[in-house]
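Chains, contacts and geometry: an overview
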Amino acid sequence: MKNVFTKRILNFPLFITVVLKMISLLPGIISAKATKRVNKSFQEKILLATTSVNQCILCARFASEMAFAEGVDKGEVLSILNMELTEKNSCNEYEMMGLLYAQHYAETNGKPSREMNARIYNSYDKKVADDIIIFTKRNHCYNLMGNTFSAFVSRLKGTKAPGSNLLFELFFVIITSPVIGPSWLYVHLKKNAFNFQK
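Just so it is clear, the structure is predicted and the values come from calculations on it, not from any experiment.

**Overview of the packing of aromatic side chains**
Under the defined criterion, the tally for this structure stands at 9 aromatic pairs. With 5.7 Å between their ring centres and 90° between their planes, F15 and F171 make a pair best called edge-to-face. Residue F15 is found in helix α1 (residues 12-35), and its partner F171 is found in helix α8 (residues 166-190); the two are separated by 156 residues along the sequence. Between Y94 and Y124, the aromatic rings sit 5.2 Å apart at their centres with planes inclined by 90°, giving edge-to-face as the arrangement.

**Overview of the nonpolar core**
Formed by 30 residues in total, the largest nonpolar core has its most connected members in I46, L99, Y124 and I132. Where this core is concerned, the elements lending two or more residues are α2 (40-54), α3 (57-69), α4 (74-81), α5 (93-107), α6 (114-123) and α7 (126-156). The element that contributes the greatest number of residues to this core is α5, accounting for 6 residues. In contact with L99, not counting residues within four places along its chain, are F42, K45, I46, A49, I80, L85 and C91. Listed in part, the 16 residues of the second largest apolar core include F15, M22, M145 and V173.

**Remarks on the state of the cysteines**
Per the counting criterion, the structure on display carries 0 disulfides. With no disulfide of its own, C56 has C59 as its nearest cysteine by sulfur position, at a separation of 3.0 Å. With no disulfide of its own, C141 has C59 as its nearest cysteine by sulfur position, at a separation of 11 Å. On the accessibility criterion, C141 (2% relative accessible area) is buried.

**Overview of the environment of F68**
Mapped onto the elements, F68 comes out in helix α3. On the basis of relative accessibility, which here comes to 35%, the residue F68 falls in the partly exposed class. Between the alpha carbons of F68 and D130 there is a distance of 25 Å; along the sequence they are 62 residues apart.

**A word on the environment of P182**
With respect to the helices and strands, P182 occurs in helix α8. Expressed as a C-alpha distance, the spacing of P182 and P162, which sit 20 residues apart in the sequence, is 27 Å.

**Focus on unusual backbone geometry**
Residue M83 is not a glycine yet carries a positive backbone phi of 60°. In this fold, M83 is placed in the loop between α4 and α5. In the Ramachandran plot, N109 falls in the positive-phi region, its phi being about 55° despite a non-glycine side chain. Inspection of the secondary structure assignment puts N109 in the loop between α5 and α6. You can call N109 partly exposed: its relative accessible area is 36%.

Calculation criteria
- Residues numbered from 1 in each chain as written.
- Predicted model: local features only at pLDDT ≥ 70, side-chain atom pairs only at ≥ 80, totals over all residues.
- Heavy atoms only, no water.
- Phe/Tyr/Trp six-rings, centres within 6.5 Å; stacked < 30°, edge-to-face > 60°.
- Helix = DSSP H or I, 4+ residues; strand = E, 2+ residues; numbered from the N terminus.
- Core = buried A, V, L, I, M, F, W, Y, C linked by side-chain atoms within 4.5 Å.
- Buried < 20%, exposed > 50% of the residue type's maximum accessible area, 1.4 Å probe, protein only.
- Contact = heavy atoms within 4.5 Å.
- Disulfide = S-S within 2.5 Å.

Honestly, it's all geometry; don't read function into it.
What follows is the structure, given as structure tokens:
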């Protein structure tokens, strides 16, 4: 239905949950970035992988720009965003499990299976796996926030998100504009025209 915004978004209780989660993740994020056990291009690919599921257009455009800056080519970016994870067109063998985990995490809305948790720890050193999981959790929160921001923009164009309301969306946009606003402006000025194929 063209007049319905169908992407996963936040409501007020979920917004509080996400804020608390981001606060709890902050020390781990700082540590993971400082150690660089997961290099920058891999970090951006993990963001692209969660975004491929949640379809946050803001995250897709911003992460693709950052990935390009880290030397990831356009073909890899599009392959990850369109959920075509193969060693031939999107990632090397080392990165594969991390990206599959990121997609699975988003598909299960932050409730990965025990099997998938075991697989990521079997595939990487524990500290590297911890960092991949930290980035994945952060990115899933980014996606939900980006989609909620987009839901407000969509509402202004006549397309409303089921289960949301104008009062919460206004509150969300006011609260998050200092962070999300510059990113939204950046991707629109860059005119990165990526659109999901699905």
